[in-house]
Amino acid sequence: MPKIKTNRAAAKRFKKTATGQLKRNKAYKSHILTKKSTKRKRNLRKAIITDSTNVKNMKKVLPYL
């Protein structure tokens with residue numbers, strides 16, 4: 001059985017936590033920051049756990065994570 005390739009783009013964006021959950025950063029923090037409120041930008045800094053509906057697909061894309 002051949003090895004499964006890891007999706008490199010996903011590997012750079014997701015990390016595994018100690019409990020085995022997938023951690024990701026929020027989107028919309030890279031540009032056009034002048035029109036976004038300070039509160040919104042502050043909340044975009046925080047990393048969050050990937051939603052359970054996406055975890056099955058992410059495990060397929062990241063087999064060795």
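Let me begin by describing the structure that accompanies this report. (Residues numbered from 1 in each chain as written. Predicted model: local features only at pLDDT ≥ 70, side-chain atom pairs only at ≥ 80, totals over all residues. Heavy atoms only, no water.)

**Digging into unusual backbone geometry**
Right, so step 1: The backbone phi angle of Tyr28 is positive, close to 70°, even though this residue is not glycine.
Right, so step 2: Relative to the assigned elements, Tyr28 resides in the loop between β2 (22–24) and α2 (38–45).
Right, so step 3: One non-glycine residue, Ile32, adopts positive backbone phi at about 55°. (Helix = DSSP H or I, 4+ residues; strand = E, 2+ residues; numbered from the N terminus.)

**Remarks on the sheet that holds β2**
Working definition: the strands of a sheet are paired by backbone hydrogen bonds and lie parallel or antiparallel to each other.
Right, so step 1: Read from one edge to the other, the open sheet built from three strands follows the order β1-β2-β3, with strand pairing classed as antiparallel. Since the sheet does not close on itself, it has two edges, and those belong to β1 (14–16) and β3 (48–49), each with one partner. (Pairing = 2+ DSSP bridges.)

**Some points on the environment of Leu33**
Right, so step 1: You can see Leu33 is positioned in the loop between β2 and α2.
Right, so step 2: Every residue in contact with Leu33, bar those within four places of it in the chain, is listed here: Tyr28 and Lys41. (Contact = heavy atoms within 4.5 Å.)

**A look at the nonpolar core**
Right, so step 1: Ranked by size, the top nonpolar core spans six residues in total: Ala10, Ala11, Phe14, Leu22, Met58 and Leu62.
Right, so step 2: The residues contacting Ala11, other than those within four sequence positions of it, are Thr6 and Leu62. (Core = buried A, V, L, I, M, F, W, Y, C linked by side-chain atoms within 4.5 Å. Buried < 20%, exposed > 50% of the residue type's maximum accessible area, 1.4 Å probe, protein only.)

**A closer look at the side chain of Lys36**
Right, so step 1: Turning to its location among the elements, Lys36 is positioned in the loop between β2 and α2.
Right, so step 2: One buried charged residue, Lys36, forms no salt bridge at all, with the nearest opposite charge on Asp51 at 21 Å.
Right, so step 3: If near-sequence neighbours (up to four positions away) are discounted, Lys36 is found in contact with Tyr28, His31 and Lys41. (Lys, Arg positive; Asp, Glu negative; His and termini not counted. Salt bridge = Lys/Arg side-chain N within 4 Å of Asp/Glu carboxyl O.)

**Some points on a positive patch on the surface**
Right, so step 1: Residues Lys29, Lys39, Arg42, Arg45 and Lys46 make up a contiguous surface patch of positive charge.
Right, so step 2: With respect to the element layout, Lys46 can be found in the loop between α2 and β3.
Right, so step 3: Overall, Lys46 belongs to the partly exposed group, its relative accessible area being 47%. (Patch = residues over 30% accessible without salt bridge, like charges linked within 9 Å, V, L, I, M, F, W, Y side chains within 5 Å. Areas by Shrake-Rupley, 256 points an atom, 1.4 Å probe, with all protein chains shown as cover. Charge placed at Lys NZ, Arg CZ, Asp CG, Glu CD.)

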